Amino acid sequence: MKKYLSAFLMMLCIVLLCACGEQAESNGVAIDGATVQTPYAELTVPADYEDHVTTTVVSQEPYVLSFSAKDGTQLFTLSFGKESEDLLGTLKLDDQNVVIYAAFNELDKKNENYAAYSEYQDGINTILQGMIANNDFAAGEIIEYVDNSTFDIKTPVVTMKYPMRWKDKVQIDVSEEAVKFSSNGTKLFDLLFVECDGYLLGKYKDMPIYIVDYNVATDEEIAMQDDVNVILEHLTEDTSFVINH
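Here is what the cut-offs are and how they apply
- Residues numbered from 1 in each chain as written.
- Predicted model: local features only at pLDDT ≥ 70, side-chain atom pairs only at ≥ 80, totals over all residues.
- Heavy atoms only, no water.
- Helix = DSSP H or I, 4+ residues; strand = E, 2+ residues; numbered from the N terminus.
- Buried < 20%, exposed > 50% of the residue type's maximum accessible area, 1.4 Å probe, protein only.
- Contact = heavy atoms within 4.5 Å.
- Phe/Tyr/Trp six-rings, centres within 6.5 Å; stacked < 30°, edge-to-face > 60°.

Undergrad: Describe the environment of Val212, and please don't skip the residues or the numbers.
TA: Within the secondary structure, Val212 sits in strand β15 (residues 207–213). Judged by relative accessible area, Val212 falls into the partly exposed class, the value being 25%. Residues Val212 and Cys196, spaced 16 residues apart in sequence, show a C-alpha to C-alpha distance of 8.7 Å. When neighbours within four sequence positions are excluded, Val212 is seen to be in contact with Phe189, Asp190, Leu192, Cys196 and Gly198.

Encoded structure:
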């Protein structure tokens, strides 16, 4: 099944382009088949699941959904946020990313319903196609969630924006001439509104904005320091700011 899934993920783009009439519309309404609701997304499943397959919530946290034939034969499970056998991909939501895995049960080839069970297992393809068509879903990838929200820093010159994820970890000292950033006593960088030995980022209404950075040791401190680029990015959106080239 892992080999099959890998081949499917590689060919999925071609399938989506060549079989537009056989899958869910991009607005999330299934053209055919049924749907299964989860806390994270609505799943599109094959039409015959309604009569032949049942779904059971095995766990709420992490959320695990089991698919089985009506006679109780276990087919596969989907795990949302819990690592399992086969990586399906990452569902990107507004406030989090959810990595989805699948685990397939081994079927008895001697069972008279083996062919039908195998077809039900292949329904994972319909689920994958629906996830890609109807959601922001990265097939075959694990993507870490990054919080891009910001908070305001009011200064005498301009209101700056800095990543929300650092709000409780970075200390910010605002004065008439500077905005100084530190973390637990470690200096990160200063933004100064007076001429100095630092690097000139640009001018805001003819007021210079210089940066002076400091040596830092940890990866987290480096990330905090690098996020001065977030401040600069938002400054460039203001027509009153002229960046130094």
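Here the narrative resumes, following the displayed structure.
Undergrad: I'd like a rundown of the environment of Phe80, residues and numbers included.
TA: Assignment of secondary structure puts Phe80 in strand β5 (residues 74–80). Along the chain, Phe80 and Gln60 lie 20 residues apart, while their C-alpha atoms are 9.6 Å from each other.

Undergrad: Tell me what's going on with the packing of aromatic side chains, and back it up with residues and numbers.
TA: Applying the stated criterion across every chain, the model contains 10 aromatic pairs. Between Tyr162 and Phe181 the ring centres are 5.2 Å apart and the planes differ by 55°, which places this aromatic pair in the tilted class. Linking Tyr162 in strand β10 (residues 159–163) with Phe181 in strand β12 (residues 178–183), this pair joins segments that are 19 residues apart in sequence. The exposure classification of Tyr162 matches that of Phe181, with both residues buried. Each member of the aromatic cluster is reached from another via a ring pair, and the members are Tyr49, Phe67, Phe76 and Phe104.

Undergrad: So what's going on with unusual backbone geometry? Which residues, and what values?
TA: A cis amide bond links Glu61 with the next residue in sequence, Pro62, at an omega value of 0°. Position of Pro62 relative to the elements: it lies in the loop between β3 (53–60) and β4 (63–69). Positive phi outside glycine occurs at Asn184, with the angle close to 50°. Topologically, Asn184 is positioned in the loop between β12 and β13 (186–192).

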